[in-house]
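In case you want the letters, here they are:
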Amino acid sequence: MEPIIRVANLGKKYLIRHQSRPRYETLRDTLAGGAKRLMQKTAASRREEFWALRDVSFEVKPGDRLGIIGRNGAGKTTLLKILSRITEPSAGRVEIRGRVASLLEVGTGFHPELTGRENIFLNGAILGMRRREIVRKFDEIVSFAEVEQFLDTPVKRYSSGMYVRLAFAVAAHLEPEILLVDEVLAVGDAAFQKKCLGKMGDMNQKEGRTILFVSHNMPALQTLCRQGLLLEKGTIRFSGDVNEAISTYVAQNDILSITPVASREDREGLGMVRIEAIEVKSNFGIATGHDLVVTASFRTIGKPVPINEFGMSIWSEHDIRLISLSTIMKGELSKIPDAGKVSCRIPQLPLVSGNYFLNFFVSSSNGIEDYLVHALKFFVEDSNFFASGKSVNPIWGAIAVSHQWSLE
Amino acid sequence: MASTQDKAETLLVIEAGKGHQQFFSDLWNYRELFLFLSWRDILVRYKQAVLGVAWSVLRPLLTIAIFSLVFGRLAKLPSQGVPYSVLVFAAMLPWQLFAGALNESSNSLLGNTNLISKIYFPRLIIPVSSVMVNLLDFLISLALLLGLMAWYKCLPDARILFFPLFLLLTLLLALGCGFWFSALNVKYRDFRYIIPFIIQFGLYLSPVGFSSAIIPARWRLLYSFNPLVGIIDGFRWSMLGDQFPLFRPAVMISVFVSLIVFVSGVWFFRKMEKSFADVI
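Residues numbered from 1 in each chain as written. Chains lettered and ligands numbered in written order. Predicted model: local features only at pLDDT ≥ 70, side-chain atom pairs only at ≥ 80, totals over all residues.

Let us now look at the overall build of chain B. Of regular secondary structure, chain B possesses 13 helices and one strand. Each helix and strand of chain B, ordered N terminal to C terminal, gives the series β-α-α-α-α-α-α-α-α-α-α-α-α-α. Expressed as a percentage of contacts within chain B between residues at least 6 apart in sequence, the contacts between residues at least 24 apart total 81%. (Helix = DSSP H or I, 4+ residues; strand = E, 2+ residues; numbered from the N terminus. Contact = placed C-beta atoms within 7 Å.)

Bringing the interface of chain A and chain B into the picture now. Quoted interface sizes are often the accessible area lost when the parts come together. Across the boundary between the two partners, chain A contributes 45 residues, which contact 33 residues of chain B. Among the elements that take part in the side of chain A that touches chain B, strand β4 (residues 91–97) of chain A stands out by supplying seven residues, more than any other. Partitioned by chemical class, the residues of the side of chain A that touches chain B number 17 nonpolar, 11 polar and 17 charged. Across five bridges, the pairing between β4(A) and strand β1 (residues 11–15) of chain B is antiparallel. Its bridge partner lying in β1(B), Val94(A) is registered against Ile14(B). (Nonpolar A, V, L, I, M, F, W, Y, C, P; charged D, E, K, R; others polar. Pairing = 2+ DSSP bridges.)

With 25 residues, helix α8 (residues 163–187) of chain B should reach 36 Å at 1.5 Å per residue; the first-to-last C-alpha distance of 37 Å fits that figure. In terms of burial, α8(B) is largely enclosed, as 20 of its 25 residues are buried. (Expected span 1.5 Å × (residues − 1). Buried ≥ 20, exposed ≤ 12 C-beta atoms within 10 Å, placed from the backbone.)

As a further point, take unusual backbone geometry. Residue and element names in this part refer to chain A. At Lys233, a position not held by glycine, the phi torsion is positive, near 45°. In this structure, Lys233 sits in the loop between β8 (227–232) and β9 (235–241). Note on Lys233: 14 C-beta atoms within 10 Å, which makes it partly exposed. Although it is not a glycine, His374 adopts a positive phi angle of roughly 50°. Note on His374: 16 C-beta atoms within 10 Å, which makes it partly exposed.

This paragraph deals with the packing of α8(B) against helix α11 (residues 227–240) of chain B. All names here are of chain B. Running from amino to carboxyl end, α8 crosses α11 at an angle of 155°, the nearest separation of the two axes being 9 Å. Between α8 and α11, the crossing angle belongs to the class labelled roughly antiparallel. At the point where α8 passes α11, the crossing takes the left-handed sense. Residues Phe163, Phe166, Leu169, Thr170 and Leu173 of α8 lie in contact with α11, whose contacting residues are Pro227, Ile231, Gly234, Phe235, Ser238 and Met239. Its residues assigned to classes, the contact of α8 with α11 shows eight nonpolar, three polar and no charged. (Axes fitted to C-alpha atoms, helices over the stretch in contact; angles between N-to-C directions. Parallel < 35°, antiparallel > 145°, perpendicular 65-115°, else oblique. Left-handed = near helix turned anticlockwise from the far one by under 90°.)

All names here are of chain A. Domain boundaries assigned for chain A yield domain 1 (5–253) and domain 2 (261–380). Taken together, the contact pairs six residues of domain 1 with five residues of domain 2. When residues of the side of domain 1 that touches domain 2 are traced back to their parent elements, those giving at least two are α8 (218–224) and α9 (242–254). A per-class count over the side of domain 1 that touches domain 2 returns three nonpolar, three polar and no charged. (Domains from an automatic or database assignment.)

All names here are of chain A. Overall, antiparallel pairing links the four strands, which are arranged β13-β12-β15-β16 in an open sheet. The open sheet terminates on both sides in strands that have one partner only, identified here as β13 (321–326) and β16 (367–380). Pairs of neighbouring strands in the sheet enclose a mean axial angle of 15°, with direction left out of account. Taken together, the 10 bridges between strand β15 (residues 354–364) and β16 define a ladder with antiparallel strand orientation.

With that settled, the discussion passes to the sheet that holds β9(A). Residue and element names in this part refer to chain A. Taken in spatial order, the six strands make up an open sheet running β5-β6-β7-β3-β8-β9, and their pairing is mixed. Looking at strand neighbours, the two that pair on one side only are β5 (100–103) and β9, the edges of this open sheet. On average, adjacent strands in this sheet sit at an angle of 15° to one another, irrespective of strand direction. Bridge analysis of strand β3 (residues 65–70) against β8 gives five bridges, and the strand direction is parallel. Bridge pairing links Gly67 to Gly228 in β8.

And the structure:
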């Protein structure tokens, strides 16, 4: 069968200027810059090239469901933006046979002052539906969104749940041959997410639509997709079966171990107990708000010494100590064997997206026996921590806490 | 996106540097989006303002009252035999349309950032649809003027047939400027501050509060290089008749300038639109 999408050597280059400069320019800057350029003749070297995508080639067959995964900044969204013609590639070629609808955000173009009814029409038109198509599906959209009573209320008075349901309901009733979806399922409550996934699966199975789905939600990817494309720094790292793509991703992603613990010799402490291995685990990837489990194997060397404490600390990339935990502090694990494995579970990891270091130590009654600085480096993935679709931006703070807002 | 019934397989090729090959057919395919966006702007405009439609009546009326007072009563400028308020009103129509359209369209892209960065459609739709609100205001004002003229019993003659021509000219000029400024605005935010300036000066440089007949003959040609002179004269001529004879060179200049600004505006906008999603 002929591919419905053929991507060949696709590249997207951005020019990065001075870091401190805003994304847009002012005329003054350009004029001043122009004058400087005349004098200095070094203009070209000031701009740094950055390839958000480079040499990406793949094919998608009609009816395929392709999951696209990768770290933030790997080029997933850029790829979808090129396929949906929002932005132009800098190199390469894309051939698409069929109508494309892209869903890069839920509720694009929703206007808060307009009513639910008006927004259904507006949003439908923005997503590429014809007016009569919207009229035909109107009742279906409304009942899918469960907002019957609020149709004539401005959406600014909607609860966030209602808003998202309405927005997604419109999108779910698109009938393109190719649907590009970017992380939009991260919003809404779990039941509604499931409903949406079901709807997308239906579209694929009953009507043979092709779906390209970007998500960090591994279970959703496994449910919906059969093929997987793993992007890393703008290039394809893996392309094939979705489960294989996910395991490659999870393995590569979570632990950026510097030197394996077993072969580390730069240890501090008395050395009578040795930490042999450390691993960090999390269901479906280490991410903000996911449970994190750190497991260490240890054994005593020579004559057994009574181990009385395990401890660890998590440090930011900039070497700021963020979390310190120990068995004595917590008052747990009083009888520890000479050798074995010890685990520490942190439910709902409160760290925002970024790289972190883990230090680990073990002590006996004689003092610290083994202390590993930067035993591990791991990456915490962005997630739908607040279940609102908004993520915890590392610029705004280092920790993510659950909380409630209310009007008194 | 095409509608559901045209199942014919279309091959879309996206390549670096090629731009959008189907620019004009896309414009046609997205005509419904254009209507919806215009409809949105109009709805929102009237929902947010308590006085709603009253604004599009009040604003020109107040300006006209002040201009009639200042230029007509205080400065005692000639009015060629029609009530001074009618003379001002006939010029205020194209001026308000031009100024409003220029203002709305120039800021339209920045006001729709989320659409541009999340959805594909011909970007040209945005500045054009933003002007529809002004066109509606224009029609309301036009109805008022006709009412005022009926009251003064000076109804237009057959020259009114040329009226749509001058209206079209106003739109071409305003849209052309709008294309230039909206595209420039995305990259250089300075233009946001330049436009109110242009509008403020333009009001006094154009023959809105007075008839262009008061300009000395030897300056007349030079004065006509402001494309709005020909347009405003044309409005007065088509609505108020022979008391306002057309100065041919002025009209020629207006037609010429409007066309150039419009065509070059489309060209420049197309050139710039590729990078909108990246810089906005």
